[in-house]
Amino acid sequence: MRDGVTNRGGVAGESGGGAPAVKTPVKTFQAYLPPAHRTYSCIHCRAHLASHDELISKSFQGSRGRAYLFNSVVNVGCGMAEERVLLTGLHAVADIYCECCKTMLGWKYEHAFESSQKYKEGKFIIELAHMVKENGWD
């Protein structure tokens, strides 16, 4: 357990008897990636976001600097899609956020209007400013 966060259901600080303990809400993640795999986690709450195996490209630009393109992610919520003109043209994108701490992470490509950009559809951009590498990065 770290700072009142456990990997199990329940409440941090519960005691088995005696004086009542201060009850701290527990953050439980919706999905955990295998511990033997290199993972990217939310820098704010450490919820798993993506496996290194799902990384497509490190050559993307987010609104706050460098960003990575992933095939799939976990523990991420998605907002409503809207059309935006990005560096590579017009796309329909939806903002994505960490399901655990609600931090905006990047966006999901819902639709690409140019044929050369169709490979991005259904993929996710997460900005480096919101990720940390965990598990086996040597």
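This write-up is about the structure you can find in this document. (Residues numbered from 1 in each chain as written. Predicted model: local features only at pLDDT ≥ 70, side-chain atom pairs only at ≥ 80, totals over all residues. Heavy atoms only, no water.)

### Overview of the packing of aromatic side chains
Rule in force here: Pairing of aromatic rings covers Phe, Tyr and the six-membered ring of Trp, with a centre-to-centre limit of 6.5 Å; geometry is then stacked below 30 degrees between planes, edge-to-face above 60, and tilted otherwise. Here a helix means four or more residues in a row that DSSP labels H or I, a strand means two or more in a row labelled E, and each is numbered from the N terminus. Summary of the burial criterion: residues with accessible area below 20% of their type's maximum are buried, those above 50% are exposed, and those between are partly exposed, where the area comes from a 1.4 Å probe applied to protein chains only.
Under the definition given, this model contains 4 aromatic pairs. Seen in terms of ring centroids, Y40 and Y68 are 5.9 Å apart; in terms of plane orientation they differ by 90 degrees. Their pairing is edge-to-face. Here Y40, found in strand β1 (residues 39-42), pairs with Y68, found in strand β4 (residues 65-70); they are 28 residues apart in sequence, far enough to count as distant. Among the residues examined, Y40 registers a relative accessible area of 1% and is labelled buried. When its relative accessible area of 5% is taken as the criterion, Y68 is described as buried. Relative to F70, the ring of Y68 has its centre 6.4 Å away and its plane inclined at 55 degrees; by these criteria the two rings are tilted.

### Brief notes about the environment of H37
Counted only if it meets this: Note on contacts: a residue pair is in contact if any heavy atoms of the two residues lie within 4.5 Å.
Among the secondary structure elements, H37 is positioned in the segment before β1. The contacts of H37, once residues within four sequence positions are left out, are D53, E134 and N135.

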